[in-house]
Amino acid sequence: MCGIVGYTGDKKAIDIVVDGLRRLEYRGYDSAGVALTNGEGKPLLVEKRAGKLGNLESALDSRFGSSHSGIGHTRWATHGGPTDSNAHPHLSDDGKLAVIHNGIIENYVELKKELLAKGHAFSSETDTESVAHLLGDAFKENGGDLAEAMRMVCKRLRGSFTLLAVHSDDPKRIVGARRNSPLVVGVGKGENFLASDVAAFISSTKSAMELGQDQVVIVTPSDVTVTDLDGKKVEAKSYEITWDAAAAERGGFQHFMLKEIFEQPKAIADTLLGRIEESGKVSLPELESMADALATDVDRILILACGTAFHAGLIGKYAIEAWAGIACDVELASEFRYRRPVLDPRTLVVTISQSGETMDTLMALRHAKSLGAKALSICNTHGSTIPRESDAVIYTHGGPEIAVASTKALLTQVIALHLFALYLGQVSQGTSGKPSSASSKNSRSTLSASEAKKIGSELLGLPSKVEQVLETVEALREMTRGFKDATSVLFLGRHVGFPSALEGALKLKELAYMHAEGFAGGELKHGPIALIENGTPVIAIMPPLGSEIREKMASNIQEVKARGAHVIVIADTATDIPATDFAIRVPATDELLQPILSIVPLQVFAYEMALVRGNDVDQPRNLAKSVTVE
Ligand code: M6R
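This report concerns the structure included in the present document. (Residues numbered from 1 in each chain as written. Predicted model: local features only at pLDDT ≥ 70, side-chain atom pairs only at ≥ 80, totals over all residues. Heavy atoms only, no water.)

## Section: the packing of helix α3 (residues 108-117) against helix α4 (residues 128-141)
Any two packed helices are characterised by how steeply their axes cross, that is the angle between the axes, and by the distance between the axes.
And step 1. Two elements in contact, α3 and α4, have axes separated by 9 Å at closest approach and are oriented at 50°. When the interaxial angle is binned, α3 and α4 end up oblique. Taken as a pair, α3 and α4 cross one another with a handedness that is left-handed. Between α3 and α4, the contacting residues are Y108, L111, K112, E114 and L115 on the first element and S130, H133, L134 and D137 on the second. (Axes fitted to C-alpha atoms, helices over the stretch in contact; angles between N-to-C directions. Helix = DSSP H or I, 4+ residues; strand = E, 2+ residues; numbered from the N terminus. Parallel < 35°, antiparallel > 145°, perpendicular 65-115°, else oblique. Left-handed = near helix turned anticlockwise from the far one by under 90°. Contact = heavy atoms within 4.5 Å.)

Spelled out as structure tokens, the structure:
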């Protein structure tokens, strides 16, 4: 959950490290710190402060400007509260070695006991400080080899970690290691970078390297070496970053979240690009290796994800079942992991994750694989752990999502699921264009060619329809302000509108810190209607014209109105709605695609509510963007 940056080169390290931390601040923002080297044998320059990055910046003096190499950390506290002393870096006893850490060292209690017995003094409540002392001892024992010290120590650690360390005796070298936690290398000319994600160095280099599990990386200004924990050199995979550097900037918007809401038409278009023809034929070459299996060997899909990505899965389930005729279940990754699920090789597990690093999702994926399931991931972050450990991946092309509240990631995940559902239908019918045994038609009920064509052209039309929804943002923001003092907001939906309602409630909780709940319309009378009081805002998502549940939803709206609710209805322009207090109109589309349009106003509602209540929109309290601990 923390953000980690390392830089070694010929530039002013402090500028690059702090700039990288600013770009990673979304990962954790309760304290920050840096450790820079200052020439061989000279004491490290270390500063750390509780609170936002600005607190650290104001504590830095001119001495920090002389360094060309160092590490920086922005923290989301796990062990020990957000105080100056718990902030990273942590130092060895002699103060010559500094380490920063993302993750949790599960055996830190026993390590600390051992270190205390050896006479080490501790100045924080963190799990990380034990690593600093272990590294300091190992460095001395092995005659001053920081990489070897890192390898020795990593073998002793249990849990998840990304570690970066510097030592004042070897000022140009940074050593990193990772296990179940992200670390990427940015390869520059005469300079190299290490970071939790590419956003930290994207403005300096587009060349990156992925690191595998239990690998140690040693960077100097001119060299990058990767080894395993036994010191054997390994070939790290290089790749070019396709994200635009400007994509990780606010670009004139007041908040990243608002910018990302407005980027949704492009994010959807990019995710569809080259993958679908108007005929509805889907091209997903990344699935070719599993096309035969998808056609004949899969009879159940199980989607595993967390938070907003879980809601994407709930929405995608409807398309998978309707268009591909395959049973689809969706489960919270954090719950799945601790069950004894009945899975077999005929189950395809689909994990969904923007970051590709969510620990609950990763562990669920491993659990599913250990039970024999095949695994596909839908992910936005190239080279992250979840896609690396899956049999195949469909990348969404949403670009960097910086705001903690997920917006464009959700819409692109849903689009990826739509593409996947159409593809599954195609391979079942042998119309995927893959001339193999996959062409043996099975008994699944899938779309006809004309139905697929209609959906294909609807999907391609979605970016401009989202643009139309975005034209209503100002009116939506104004309407939202009227509910500033509401104590509770309820969201109502049926069918695909139900997961959309859940998403609307999640967005409001995390941003506005308000009680919010999403309900299935049919459940209302089974309990939730008791929550309605005079003036309770209820946002209801109306199914489109022709839907068999349209009238049922209209009745639900009447029921809550009759009990004093203030009802805001989201409906498409073709659909009649009962008299309401406020109507949000979205363009008409296929029923299963409607969430792509109806969720956008819900995002804007939560955004504005956070703003008007004086909350930090991009970095809401207690949260972090990438949840890399369980
Ligand atoms: O990176 P992931 O998509 O795996 O993240 C999953 C959730 O942590 C994430 O969607 C979270 O719920 C968001 N803060 C919601 O806005």
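## Notes on unusual backbone geometry
And step 1. Residue P89 follows H88 across a cis peptide bond; omega there is 5°.
And step 2. As for its placement among the helices and strands, P89 is situated in the loop between β4 (69-75) and β5 (90-91).
And step 3. A positive phi angle, close to 55°, is found at Y513, a residue other than glycine.
And step 4. Looking at the secondary structure, you find Y513 in the loop between α16 (497-512) and β21 (515-520).
And step 5. The class of Y513 is partly exposed, set by a relative accessible area of 23%.
And step 6. Despite not being glycine, N622 has its phi angle at roughly 65°, a positive value.
And step 7. Among the secondary structure elements, N622 is positioned in the segment after α18 (594-612). (Buried < 20%, exposed > 50% of the residue type's maximum accessible area, 1.4 Å probe, protein only.)

## Remarks on the layout of surface pockets
And step 1. In this structure, the largest pocket occupies an estimated 850 Å³ of space.
And step 2. Along the walls of the largest pocket sit 46 residues, with T242, W243, N380, G399 and P400 positioned nearest its centre.
And step 3. Among the secondary structure elements, those contributing two or more residues to the lining of the largest pocket are β14 (238-240), α7 (264-272) and α12 (385-388).
And step 4. Tallying contributions element by element places α7 first for the lining of the largest pocket, with three residues.
And step 5. In the lining of the largest pocket, the residues fall into 17 nonpolar, 15 polar and 14 charged.
And step 6. In this structure, the lining of the largest pocket is formed jointly by two domains, domain 1 (3-247) and domain 2 (256-460), each of which donates at least three residues.
And step 7. By volume, the second largest pocket is sized at about 600 Å³.
And step 8. Lining the second largest pocket are 29 residues, with C306, G307, T308, K625 and V627 sitting closest to its centre.
And step 9. Of all the secondary-structure elements, those providing two or more residues to the lining of the second largest pocket are α9 (307-324), β17 (347-353), α11 (359-370) and α16.
And step 10. Among the elements that take part in the lining of the second largest pocket, α9 stands out by supplying five residues, more than any other. (1 Å grid on protein atoms, 1.4 Å probe; cavity = no way out; pocket = protein on both sides within 12 Å on 5 of 7 lines; lining within 4 Å. Points joined across faces, edges and corners; volume = space filled by probe spheres on them. Nonpolar A, V, L, I, M, F, W, Y, C, P; charged D, E, K, R; others polar. Domains from an automatic or database assignment.)

## Let's talk about the packing of α9 against helix α13 (residues 408-429)
And step 1. Contact geometry of α9 with α13 gives a least axis separation of 8 Å together with a crossing angle of 25°. By the angle between their directions, the pair α9 and α13 is classed as roughly parallel. At the point where α9 passes α13, the crossing takes the right-handed sense. When α9 is examined against α13, the residues T308, A309, H311, A312, G313, I315, G316, A319, I320, W323 and A324 are found in contact with a partner set consisting of L410, Q413, V414, L417, H418, F420, A421, L422, L424 and G425.
And step 2. Of the residues contributing to the contact of α9 with α13, the split by class is 14 nonpolar, seven polar and no charged.

## Quick look at the sheet that holds strand β19 (residues 392-395)
Sheet strands line up and pair through hydrogen bonds in the backbone, either parallel or antiparallel.
And step 1. In spatial order, the strands read β16-β15-β17-β18-β19; together these five strands make up an open sheet with parallel pairing. Only two strands of the sheet have a single neighbouring strand rather than two, namely β16 (327-332) and β19. Strand-to-strand, the axes of this sheet are offset by a mean angle of 20°, without reference to chain direction.
And step 2. The sheet strands contacting α9 are β15 (300-305), β16 and β17, and the helix crosses β16 at an angle near 175°.
And step 3. Each of β15, β17 and β18 (374-379) touches α11; the most contacted strand, β17, lies at about 170° to it. (Pairing = 2+ DSSP bridges.)

## Observations concerning the pairing of strand β6 (residues 97-105)
And step 1. Across the nine residues of β6, nine count as buried, placing the element largely inside the fold.
And step 2. Hairpin connection between β5 and β6: a loop of five residues separates the two successive antiparallel strands, and G95 in this loop has a positive phi of roughly 75°.
And step 3. Across nine bridges, β6 lies against strand β7 (residues 159-167) in antiparallel orientation. Of the residues in β7, the one forming a bridge with V99 is A165.

## Digging into the site of the ligand
And step 1. Of all residues adjacent to the ligand, which total 13 residues, the nearest are S353, Q354, S355, T358 and E510.
And step 2. In this structure, V404 approaches the ligand through a main-chain N or O atom, which is 3.1 Å from a nitrogen atom.
And step 3. Between the ligand and S406 there is a distance of 2.8 Å, counted from an oxygen atom to a backbone nitrogen or oxygen.
And step 4. Taken atom by atom, the bulk of the ligand overlaps the second largest pocket.
And step 5. Elements that contribute at least two residues to the shell around the ligand include exactly α9 and α16.
And step 6. For the shell around the ligand, a count of residues per class yields four nonpolar, seven polar and two charged. (Near = heavy atom within 4 Å. Polar contact = N/O pair within 3.5 Å; in protein donor to acceptor, adjacent residues only side chain to side chain. Sits in = over half its atoms within 2 Å of the grid points.)

## What about α3?
And step 1. All buried positions along α3 are accounted for by Y108, L111 and L115. Buried residues in α3, looked at end-on, bunch into an arc of 60°, giving them a common side. Away from its buried face, by an angle of more than 90 degrees, α3 presents the exposed residues V109, K113 and A117.
And step 2. Of the surrounding secondary structure, the elements contacted by the buried residues of α3 are β6, α4 and α5 (146-156).
And step 3. Positive backbone phi, at 100°, marks G119, one or two positions downstream of α3. (Arc of directions from axis to C-beta.)

## A word on the sheet that holds strand β23 (residues 566-572)
And step 1. Ordered in space as β21-β20-β22-β23-β24, the five strands form an open sheet in which the pairing is parallel. Taken across any chain shown, the strands that pair with only one partner, and hence form the sheet edges, are β21 and β24 (582-586). Shown here is a sheet whose adjacent strand axes are inclined to one another by a mean of 15°, direction ignored.
And step 2. Contacts between α18 and the sheet are confined to β20 (488-493), β22 (537-541), β23 and β24, with β22 contributing the most and set at about 160° to the helix.

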